[in-house]
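# Chain and residue survey
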Amino acid sequence: MSLAAGQFPRLLAGMPPEGFLPLAAHEALHGPLPLSGRSRSRTEHPLILELERAGVRGYGGAGFPTATKLHAVATQGARPTIVVNGAEGEPLSGKDVLLTGRMPHLVIDGVLAAASTLGSDRVIFALDEEVRGVARVLQQALAQRPELQRRGAPAVSVNAVPGGYLSGQETALVSALGGGWAKPTTTPPYPFERGIKGVPTLVSNSETFAQIALVARHGADWFRALGTTNDPGTRLITVSGAVSYPGVVEVAGGTTLRQLISASGGLTEPIQGVLLGGYAGTWLSPDDLELRLDAHALRERGLRLGSGIVVLLPASACIVAEVSGVARWLEQESAHQCGPCIHGLQAIADALEELCGGGDRRGAYTRIERWCELVVRRGACSLPDGAATFVASALRRFRPVFDDHARHGACDLCRAERVLPIPAFDAVPVR
Amino acid sequence: MSEKLHLDPIACTGHGLCAELLPELIWLDEWGYPVIEDGELTPELLGHARRAVDACPTLALRLQRERAARRPRPAGGGRPAGRTPSY
Ligand SMILES: Cc1cc2nc3c(=O)[nH]c(=O)nc-3n(C[C@H](O)[C@H](O)[C@H](O)COP(=O)(O)O)c2cc1C
Ligand code: SF4
Ligand code: SF4
């Protein structure tokens, strides 16, 4: 039996109410995994061609075409290392943990397919050190796979990386897995050129590998049977805020926000805005519910889905306090390596806090806006760019509320319990 | 062979020497870190740019061939014929 083209859900098909989908059930659902083997031709890789036709783009946040990335690694002339990025440092995201913990065989399939195509001899699953249960599931699932017992199979390990927003940034991840600090490194060289131990390294998100598994099994035409022309297939979205059932939902490309909300059990209270794309994302007005979640169309409008995050911000929250809290957290999570990131994010966080407190608030709006422009593309990684996008978008969307804080200081809602989660700070930030 | 100034923000410690030597293209932000304008490195400026590169005490500033620092682009080989990628 094999999944029909219109089958929905895909990634979460057959997900058991608890525990993980065992190998036998997984194979009964998807059929056996075809492994192409390393292509003789340096440029023609059947799986890469199929991924290109399918139009798969990375699900880790940046949305880079997956075929292009595989191709870049494949043509480096060495056996590449594969890193499955399951660090999931974004506090608003839960999809990688869900996918790896409940549907590990689908992720493993994608990794095996990519390893076979690229001739990889080493695979590393990187997980946040705090999700030990997920690591155990993954180890169990890996032990069930006959493909990994064969001669010539890649060496596979499950590695814990320190928690934190930056751990999943690809050069920080490569550095941490190589025994260094979980801090971004100077590029070039990019990981695809010189990654772990200097070996060309493919770093892709866990969900991306699950999508690769679907394309390897069912092909590009099947993949394109759902979704839109420019955002084919389905994706996982982590929904939180004012909905009845916060959590991970699978949707086809082009699904409207309204449909997503109803898949999450509907709104629990009136909302004042919608955050799309998490702490590197952009804000929408509550009237935008007919907006289609088509990653391509959103990009063209300057919006972003990031790693698939939607937050429905209730009207009972103070946007200034929420944004201020997140800005401070992002400033603390910075690796504090690049001047503009260190000083810019600190200035932004300070000014936002003053809007909710007693400091000098005159001209704060304009200053924050200017700093948000000043930090973009000036760090070794795009953490400051994401933070600036998030803050600047809130300033634009909620201008009257920010102006009101600049004039009158803290509002009645400033002290309300925060909606946007901020993981506990380290007692002493590591600088 | 067009060259471009490339800054390594991790290595840069904000000495600001570069901005003194190439004010046409580099200015300092309010924290003393250089902002490099996108403008063209004309032959007259190239000499100043080389001097700025040499003067940087942390080797944070480099002159690079325009394409060297780019991310991978879809390569010509291995693309399906007759179909424009939709992204
Ligand atoms: C601050 C920061 C944090 C990131 N965190 C993650 C993460 O937790 N997981 C992830 O897959 N990608 C993360 N990324 C993106 C990665 O750098 C990289 O683009 C991604 O893993 C590539 O996988 P993909 O092509 O499958 O999307 C982060 C990027 C930045 C700038
Ligand atoms: S931009 Fe910020 S977070 Fe990124 S490497 Fe530089 S200091 Fe660290
Ligand atoms: S001279 Fe070098 S270290 Fe000093 S500001 Fe310029 S690039 Fe940075």
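Report follows, based on the coordinates. Computed from a prediction, not measured in an experiment: that's the story for all the values here.

## Some thoughts on the overall build of chain B
- Regarding its fold elements, chain B presents 2 helices and 4 strands.
- The secondary structure elements of chain B, listed N-terminal to C-terminal, are β-α-β-β-α-β.
- Buried positions account for 33% of the 87 residues belonging to chain B.
- Residue pairs at least 24 apart in sequence account for 56% of intrachain contacts in chain B once pairs closer than 6 positions are excluded.
- As displayed, chain B offers around 5,300 Å² of accessible surface, 51% of which is attributable to carbon and sulfur atoms.

## Structural notes on the overall build of chain A
- From N to C terminus, chain A includes 15 helices and 11 strands.
- Here the C-alpha atoms of chain A give a radius of gyration of 22 Å, agreeing with the 22 Å that 2.2 N^0.38 yields for 431 residues.
- Overall, the C-alpha framework of chain A stretches about 70 × 45 × 35 Å when taken along its three principal axes.
- The buried share of chain A, taken over its 431 residues, is 59%.
- Excluding contacts between residues fewer than 6 apart, the proportion of contacts in chain A whose partners are at least 24 apart in sequence is 74%.
- Across chain A, the centroid of the 41 positively charged side chains sits 6 Å from that of the 41 negatively charged ones.

## Re the site of ligand 3
- In the vicinity of ligand 3, the contacting residues are Leu7, Cys12, Thr13, Gly14, His15, Gly16, Leu17, Cys18, Pro34, Cys56, Pro57 and Thr58 of chain B.
- Classifying every residue of the shell around ligand 3 by side-chain character gives 7 nonpolar, 5 polar and no charged.

## A look at helix H11 (residues 319–333) of chain A
- Helix length check: H11 of chain A (15 residues) gives 21 Å between terminal C-alpha atoms against 21 Å at 1.5 Å per residue, within 8%.
- Of all 15 residues in H11 of chain A, 13 are buried, a share of seventy percent or more.

## A short note on the packing of aromatic side chains
Residues and elements named next belong to chain A.
- Applying the stated criterion across every chain, the model contains 6 aromatic pairs over all chains.
- Measuring from centroid to centroid gives 6.0 Å for Tyr279 and Trp329, while their planes differ by 70°, and the two rings are edge-to-face. One end of the pair, Tyr279, is in the loop between strand S8 (271–276) and strand S9 (282–284); the other, Trp329, is in helix H11, and 50 residues separate them in sequence.
- For Tyr279, a relative accessible area of 0% puts it in the buried group.
- The buried category is assigned to Trp329, whose relative accessible area is 1%.
- Geometrically, the ring pair formed by Trp283 and Phe398 is edge-to-face, given 5.6 Å between the ring centres and 80° between the ring planes. On the criterion of sequence distance, the pair formed by Trp283 in strand S9 and Phe398 in the loop between helix H14 (383–397) and helix H15 (399–408) is long-range, its members being 115 residues apart. An identical accessibility class is assigned to Trp283 and Phe398; each is buried.
- Cation over ring: Arg10 sits above Trp222, and NZ or CZ is 4.1 Å from the ring centre.

## Details of the site of ligand 1
All names here are of chain A.
- Contacts to ligand 1 come from 19 residues, most closely from Gly60, Lys69, Asn85, Asn205 and Thr208.
- Contact between ligand 1 and Gly60: an oxygen atom at 2.7 Å from a main-chain N or O atom of the residue.
- Backbone polar atom of Gly89 to an oxygen atom of ligand 1: 3.0 Å apart, as the coordinates give it.
- For the shell around ligand 1, the leading source of residues is strand S4 (residues 201–205), giving 3 residues.

## Topic: the environment of Gly265 of chain A
Residues and elements named next belong to chain A.
- Mapped onto the secondary structure, Gly265 falls in the loop between helix H9 (257–263) and S8.
- Between the C-alpha atoms of Gly265 and Phe8, which are 257 residues apart in sequence, the distance is 18 Å.
- Not counting chain neighbours up to four residues away, the residues in contact with Gly265 comprise Ser244 and Tyr245.

## Looking at the sheet that holds strand S2 (residues 122–128) of chain A
Residues and elements named next belong to chain A.
- The strand order S3-S2-S1-S4 describes an open sheet built from 4 strands, whose pairing is parallel. This sheet does not close on itself; its edge strands, each paired only once, are strand S3 (155–161) and S4. If you compare each strand with its neighbour and ignore which way they point, the axes differ by 20° on average.
- Relative to S4, strand S1 (residues 81–86) runs parallel, the two sharing 5 bridges. In the sheet register, Asn85 faces S4, and the bridge partner there is Asn205.

## Things to note about the packing of helix H13 (residues 364–374) of chain A against H14 of chain A
Residue and element names in this part refer to chain A.
- Where H13 meets H14, the axes come as close as 9 Å, and the angle between the chain directions of the two elements is 145°. For the pair H13 and H14, the sense of crossing is left-handed. Across the interface between the two elements, Tyr365, Ile368, Glu369 and Cys372 from H13 touch Ala388, Val391, Ala392, Leu395 and Arg396 from H14.
- Taken together, the residues of the contact of H13 with H14 break down into 7 nonpolar, no polar and 2 charged.

Rules used throughout
Residues numbered from 1 in each chain as written. Chains lettered and ligands numbered in written order. Predicted model: local features only at pLDDT ≥ 70, side-chain atom pairs only at ≥ 80, totals over all residues. Heavy atoms only, no water. Helix = DSSP H or I, 4+ residues; strand = E, 2+ residues; numbered from the N terminus. Buried < 20%, exposed > 50% of the residue type's maximum accessible area, 1.4 Å probe, protein only. Contact = heavy atoms within 4.5 Å. Areas by Shrake-Rupley, 256 points an atom, 1.4 Å probe, with all protein chains shown as cover. Rg over C-alpha atoms; globule rule 2.2 N^0.38 Å. Lys, Arg positive; Asp, Glu negative; His and termini not counted. Charge placed at Lys NZ, Arg CZ, Asp CG, Glu CD. Near = heavy atom within 4 Å. Nonpolar A, V, L, I, M, F, W, Y, C, P; charged D, E, K, R; others polar. Expected span 1.5 Å × (residues − 1). Phe/Tyr/Trp six-rings, centres within 6.5 Å; stacked < 30°, edge-to-face > 60°. Lys NZ or Arg CZ within 6 Å of the ring centre and 35° of its normal. Polar contact = N/O pair within 3.5 Å; in protein donor to acceptor, adjacent residues only side chain to side chain. Pairing = 2+ DSSP bridges. Axes fitted to C-alpha atoms, helices over the stretch in contact; angles between N-to-C directions. Left-handed = near helix turned anticlockwise from the far one by under 90°.

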